[in-house]
Amino acid sequence: MAMAIPFYLGSYFVIDMCVGSLILFVWKIMNKQQAEELGPAVASGLICGESMWGIPAAKLSLADVPAPVCMKFLSSKDNAKVDSFLSP
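Just so you know, these numbers come straight off a predicted model, no measurement behind them.

## Points about the overall build of the protein chain
Next up, step 1: The helix and strand inventory of the protein chain stands at 4 helices and 0 strands.
Next up, step 2: When the helices and strands of the protein chain are read in sequence order from the N terminus, they spell out α-α-α-α.
Next up, step 3: A burial count over the protein chain gives 6% of its 88 residues as buried.
Next up, step 4: Per element, the accessible surface of the protein chain, about 7,900 Å² overall, is 72% carbon and sulfur.

See the structure below:
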(Lines give C-alpha, C1' and ligand atoms only; values in the text may rest on other atoms or scores of the structure.)
Protein backbone atom coordinates (compact mmCIF):
# COMPACT_ATOMS: atom_id res chain seq x y z
CA MET A 1 0.00 0.00 0.00
CA ALA A 2 2.75 2.47 0.90
CA MET A 3 4.42 1.94 -2.47
CA ALA A 4 1.22 2.92 -4.31
CA ILE A 5 0.84 6.34 -2.63
CA PRO A 6 3.22 8.24 -4.99
CA PHE A 7 1.47 6.79 -8.04
CA TYR A 8 -1.96 7.65 -6.71
CA LEU A 9 -1.28 11.14 -5.32
CA GLY A 10 1.62 12.33 -7.43
CA SER A 11 5.23 12.68 -6.38
CA TYR A 12 5.02 16.38 -5.47
CA PHE A 13 2.45 15.65 -2.74
CA VAL A 14 4.44 12.74 -1.36
CA ILE A 15 7.57 14.89 -1.15
CA ASP A 16 5.58 17.53 0.75
CA MET A 17 4.33 14.87 3.15
CA CYS A 18 7.86 13.56 3.71
CA VAL A 19 9.33 17.01 4.38
CA GLY A 20 6.45 17.87 6.73
CA SER A 21 6.90 14.61 8.62
CA LEU A 22 10.62 15.23 9.01
CA ILE A 23 9.99 18.76 10.31
CA LEU A 24 7.44 17.43 12.82
CA PHE A 25 9.85 14.69 13.88
CA VAL A 26 12.62 17.20 14.62
CA TRP A 27 10.13 19.53 16.32
CA LYS A 28 9.00 16.68 18.61
CA ILE A 29 12.61 16.00 19.55
CA MET A 30 13.16 19.65 20.40
CA ASN A 31 9.84 20.38 22.17
CA LYS A 32 7.36 17.50 22.30
CA GLN A 33 4.51 19.29 24.06
CA GLN A 34 4.56 22.29 21.73
CA ALA A 35 4.76 20.04 18.66
CA GLU A 36 1.77 18.00 19.78
CA GLU A 37 -0.30 21.09 20.57
CA LEU A 38 0.56 23.20 17.52
CA GLY A 39 1.45 20.56 14.91
CA PRO A 40 -2.07 20.17 13.46
CA ALA A 41 -2.61 23.94 13.28
CA VAL A 42 0.72 24.51 11.52
CA ALA A 43 0.04 21.65 9.09
CA SER A 44 -3.42 23.05 8.30
CA GLY A 45 -1.93 26.48 7.64
CA LEU A 46 0.66 25.04 5.29
CA ILE A 47 -1.97 23.05 3.39
CA CYS A 48 -4.16 26.16 3.01
CA GLY A 49 -1.17 28.21 1.87
CA GLU A 50 -0.29 25.67 -0.77
CA SER A 51 -3.91 25.56 -1.94
CA MET A 52 -4.08 29.35 -2.20
CA TRP A 53 -1.03 29.33 -4.49
CA GLY A 54 -2.88 26.97 -6.85
CA ILE A 55 -5.12 29.74 -8.22
CA PRO A 56 -2.30 32.10 -9.31
CA ALA A 57 -0.30 29.13 -10.60
CA ALA A 58 -3.24 28.02 -12.75
CA LYS A 59 -3.69 31.54 -14.15
CA LEU A 60 0.02 31.77 -14.96
CA SER A 61 -0.14 28.37 -16.65
CA LEU A 62 -3.13 29.42 -18.77
CA ALA A 63 -1.28 32.57 -19.82
CA ASP A 64 1.73 30.46 -20.93
CA VAL A 65 4.02 32.23 -18.47
CA PRO A 66 7.17 30.18 -17.83
CA ALA A 67 7.66 28.90 -14.32
CA PRO A 68 9.14 31.58 -12.06
CA VAL A 69 11.46 29.20 -10.27
CA CYS A 70 13.83 27.29 -12.50
CA MET A 71 16.92 25.74 -11.01
CA LYS A 72 19.61 24.57 -13.35
CA PHE A 73 22.90 23.16 -12.19
CA LEU A 74 24.75 23.38 -15.48
CA SER A 75 27.00 25.97 -17.06
CA SER A 76 25.34 28.63 -19.20
CA LYS A 77 26.67 26.92 -22.34
CA ASP A 78 25.15 23.58 -21.31
CA ASN A 79 21.91 25.33 -20.27
CA ALA A 80 21.64 26.80 -23.77
CA LYS A 81 22.06 23.30 -25.25
CA VAL A 82 19.40 21.85 -22.94
CA ASP A 83 17.00 24.71 -23.65
CA SER A 84 17.43 24.35 -27.40
CA PHE A 85 16.86 20.61 -27.12
CA LEU A 86 13.71 21.02 -25.01
CA SER A 87 12.14 23.88 -26.93
CA PRO A 88 9.61 22.80 -29.58
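## A short note on a nonpolar patch on the surface
Next up, step 1: A cluster of nonpolar side chains, Phe25, Val26, Ile29 and Met30, forms an exposed patch at the surface whose accessible area comes to about 470 Å².
Next up, step 2: In this structure, Phe25 sits in helix α2 (residues 11-30).
Next up, step 3: For Phe25, a relative accessible area of 52% translates into the label exposed.

## Focus on helix α3 (residues 32-62)
Next up, step 1: In this model, α3 (31 residues) spans 44 Å end to end at C-alpha, consistent with the 45 Å of a helix rising 1.5 Å per residue.
Next up, step 2: Along α3, the helix axis deviates most sharply at Leu38, where the bend reaches about 50 degrees; the proline Pro40 sits within four residues downstream.
Next up, step 3: At the exit of α3 stands Asp64, carrying a positive phi of roughly 55 degrees.

Conventions we followed
Residues numbered from 1 in each chain as written. Predicted model: local features only at pLDDT ≥ 70, side-chain atom pairs only at ≥ 80, totals over all residues. Heavy atoms only, no water. Helix = DSSP H or I, 4+ residues; strand = E, 2+ residues; numbered from the N terminus. Buried < 20%, exposed > 50% of the residue type's maximum accessible area, 1.4 Å probe, protein only. Areas by Shrake-Rupley, 256 points an atom, 1.4 Å probe, with all protein chains shown as cover. Patch = residues over 30% accessible without salt bridge, like charges linked within 9 Å, V, L, I, M, F, W, Y side chains within 5 Å. Salt bridge = Lys/Arg side-chain N within 4 Å of Asp/Glu carboxyl O. Expected span 1.5 Å × (residues − 1). Bend = angle between axes of the 7 residues up to and from the residue.

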